[in-house]
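Survey of secondary and tertiary structure
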Amino acid sequence: MSVVSGVTVTVPATTANLGPGFDCIGAALTLYNEFKFTRLQEGGLIIHVAGAEAERVQTDESNLLYQAFVQLYQYIEQTPPSVKIEIQLGVPLARGLGSSATAIVGGLVGANQLAGATLSQLQVMELAIAMEGHPDNVVPALLGGCRLAATSETGWEICDIPWHGDIVPVVAIPDFELSTKEARRVLPTEVSRADAIFNTAHLGLLLRGLETGKGEWLRTALQDRLHQPYRKALIPGYDAVNAATIAAGAYGMVISGAGPTLLALADPGNSKATEMAMAAAWQEAGITATVRSLSVDTQGASSFHEG
């Protein structure tokens, strides 16, 4: 097998939970980070970062992308090569769009390609879930599409969720951050039976709503009682943005991942109005937000290599 001298990996952003699908459902979005790995004859580790907020990314061995890179080599019991890593950021940091998942998936896929594609996609996925701690971001980042993950006796069962072409994901990304640790801290350790039943029913309805594009189902399905009622207090202007989103004709709004990005689902006819309404509502609250209509990425992590 010829030695691969370099590989470039592109990984999509993700939005997780989608309301009632807490920690089990996520979708890949058309927003990307790109990671280029080049073997070095010597020199250990060199990391260059470009793009928005590049100065905030670690460029030593503590870099999460590099930690994932090393993790794969440790798993296959090989010594990681000296490597130059070039990072092009397109996914905002600490905003609830899976930036850490892109790093984990990018590092694992890049290392696997440099090592001669030793591991299967399933093995890479299991390593990614173990590193992230839950599947909702890393699975769609690796595989693309909308995915539901459930534990089985032997590991994970991954189910692809059909996403109707008339459902447009609109992301409103504010100019402040919310750490996943803080967003988890506010959650209760136990929930009532009524709330568990509520979320079970609404997740089932969400899956059918995403598949059919039926607006009445989506408007009801996006409600949640496990995490959003507690987390919305951490997001200034949440209620105002939510009201504006509904008034603009969107099916509903949820917190993307742990937040603070807010995700609306709309039909193509009112996605632009939804964008404008979300931006305006946050602006009235004194917060600047970048609002974009995206699509669901169906490819997931992709790579091409040299040599």
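Every value quoted in this text rests on a predicted model; they were computed, and no experiment measured them.

1. Brief notes about the packing of helix α1 (residues 64-75) against helix α3 (residues 121-132)
- Relative orientation of the contacting elements α1 and α3 amounts to 125 degrees, with a least axis distance of 11 Å. The orientation of α1 relative to α3 falls into the category oblique. For the crossing formed where α1 meets α3, the hand is right-handed. On the side of α1, the interface is formed by L64, Q67, A68, Q71, L72 and Y75, while α3 contributes Q123, V124, L127 and M131.
- Looking at side-chain class alone, the contact of α1 with α3 contains seven nonpolar, three polar and no charged residues.

2. Let's talk about helix α10 (residues 271-284)
- With 14 residues, α10 should reach 20 Å at 1.5 Å per residue; the first-to-last C-alpha distance of 20 Å fits that figure.
- The set of residues buried in α10 consists of S271, T274, E275, A277, M278, A281 and W282.
- Packed against the buried residues of α10 are β7 (168-174), α9 (238-247), β8 (252-255), β9 (262-266) and β10 (289-293).
- Count one or two residues on from α10 and you reach G286, which has phi positive near 80 degrees.

3. Side note on the side chain of T15
- In this structure, T15 sits in strand β1 (residues 6-16).
- We classify T15 as buried; its relative accessible area is 0%.
- Side-chain polar atoms of T15 contact the side chain of S256, separated by 2.8 Å.

4. Considerations on the packing of helix α2 (residues 99-114) against α3
- The interhelical angle for the contact between α2 and α3, taken along N-to-C directions, is 140 degrees, at an axis separation of 10 Å. The handedness of the crossing between α2 and α3 is right-handed. When α2 is examined against α3, the residues S100, A101, I104, V105, L108, V109 and N112 are found in contact with a partner set consisting of V124, L127, A128, M131 and E132.
- A per-class count over the contact of α2 with α3 returns nine nonpolar, two polar and one charged.

Cut-off values and rules
Just so you know, the residues in each chain are numbered from 1, in the order the chain's sequence is written. It should be noted that, the model being predicted, local features are given only for residues of pLDDT at least 70 and side-chain atom pairs only at 80 or more, the latter also being counted only at that level, while totals for whole chains, interfaces and linings use all residues. As a rule here, side-chain values come from all non-hydrogen atoms in the structure, and water together with hydrogens is ignored. For helices, the fitted axis covers only the stretch in contact; all axes are lines through C-alpha atoms, and the angles between them, taken along N-to-C directions, range from 0 to 180 degrees. Secondary structure counts use DSSP, requiring at least four H or I residues in a row for a helix and at least two E residues in a row for a strand, with both numbered from the N terminus. Orientation categories follow fixed angle ranges, with anything under 35 degrees roughly parallel, anything over 145 roughly antiparallel, 65 to 115 roughly perpendicular, and all other angles oblique. Crossing chirality is assigned from the near helix's rotation relative to the far helix, an anticlockwise turn below a right angle marking it left-handed and a clockwise turn marking it right-handed. By definition in these notes, contact holds between two residues if any of their heavy atoms fall within 4.5 Å. When residues are grouped by polarity, Ala, Val, Leu, Ile, Met, Phe, Trp, Tyr, Cys and Pro land in nonpolar, Asp, Glu, Lys and Arg in charged, and all others, Gly among them, in polar. Residue count minus one, scaled by 1.5 Å, sets the expected span of a helix. The rule is simple: take the accessible area with a 1.4 Å probe, protein chains only, and divide by the maximum for that residue type; under 20% is buried, over 50% is exposed, in between is partly exposed. Counted as a polar contact is a pair of N or O atoms within 3.5 Å, where, for protein atoms, one must be capable of donating a hydrogen and the other of accepting one, and residues adjacent in sequence contribute only when both atoms are in side chains.

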